[in-house]
Amino acid sequence: MEHRNHINHASRRILVSYPVTRWQRIYSAFTPLLLVVLLFAALRLASIFPVLPANELAPETIGLALLATFLRLLVAYVFALALSVPLALLVERSPLMERFLLPVFDIAQSVPALAFFPVIIIFFIHFGFLEGAAVFIIFISMLWNIVFSLVSGLKVIPSDIKAAAKVFGVRGFAYVKRVLLPGSVPYLVTGSLLAWAQGWNIVIVAEVLHTYLPGGTARDDLFGIGNVLVSASAHGQNGTFIVAIFVMVAAIALINFFIWQKLLHYAERFKFE
């Protein structure tokens, strides 16, 4: 009876961890599709949200500006997450890969991304895609927070767990799905939280592009909460500036409470005791 209860308890944990019911599978299939839709929506921000001249700034525009910035951050985060997972898995693959890649990652993290921002902008101007420059610089600022957190998470998975998985023939993608990724979930969430905070820190620079363009003007900036803050401050619109600051802080607090804190609490179940 005790053995059966242990099996039932383990089964319940698996049900929580993996999509096995019909609705869980539907949700798992729908989530990537939703991310793709958000990606294409964000890539069209330049046409959906036109840049407003400074003298037309008004508090009513702040909601749309916040939405534009949020979508920009979301796209950058999706790209950072998609790249950081395989990079961390490469480090975990062998001691040789770790000795080679970790110093490379450390150097790449230490290089200030803003130092190359003018070059990045010129590159995207060649393709007529300034929106891509903003997303790229946010993506770079997010990437290494997630990579190093994932590397740390993969290292704390007990060696006996890894050995047991290999003994039972769990290899390849199944090994990644059932051992490596679940074991690193707490570190993935922590790294994502740090990456998102870093994205908010750099978004003002990413949206105010005219300072990096030869002969650039405010018309070259991207519409977003960062652009609103800079424009309102430059033109003495104190009311708009205060409202924009309040809205941005409130949005950060709500996202932290309703998303990141919930994810941090959920990730506790994946920790090894």
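None of these values were measured; they are calculated from a predicted model.

Caption draft 1: Inspection of helix α5 (residues 95–110) at higher detail. With 16 residues, α5 should cover 22 Å at 1.5 Å per step; its first-to-last C-alpha distance of 23 Å lies within 8% of that length. The largest bend in α5 amounts to roughly 25° and is located at Leu101, with the proline Pro103 lying one to four residues further along.

Caption draft 2: Examining the pattern of salt bridges more closely. All chains considered together, the criterion is met by 5 salt bridges. A salt bridge links Lys155 to Glu98; the shortest N-O distance between them is 2.4 Å. Of this pair, Lys155 sits in helix α7 (residues 130–155) while Glu98 sits in helix α5; the two residues are 57 residues apart in sequence, bridging distant segments of the chain. The partly exposed category is assigned to Lys155, whose relative accessible area is 47%. In this structure, the salt-bridge partner of Glu268 is Lys271, at a minimum N-O distance of 3.2 Å. With relative accessibility at 40%, the residue Lys271 sits in the partly exposed group. Connected via shared salt-bridge partners are Arg72, Glu131 and Glu207.

Thresholds applied
Residues numbered from 1 in each chain as written. Predicted model: local features only at pLDDT ≥ 70, side-chain atom pairs only at ≥ 80, totals over all residues. Heavy atoms only, no water. Helix = DSSP H or I, 4+ residues; strand = E, 2+ residues; numbered from the N terminus. Expected span 1.5 Å × (residues − 1). Bend = angle between axes of the 7 residues up to and from the residue. Salt bridge = Lys/Arg side-chain N within 4 Å of Asp/Glu carboxyl O. Buried < 20%, exposed > 50% of the residue type's maximum accessible area, 1.4 Å probe, protein only.

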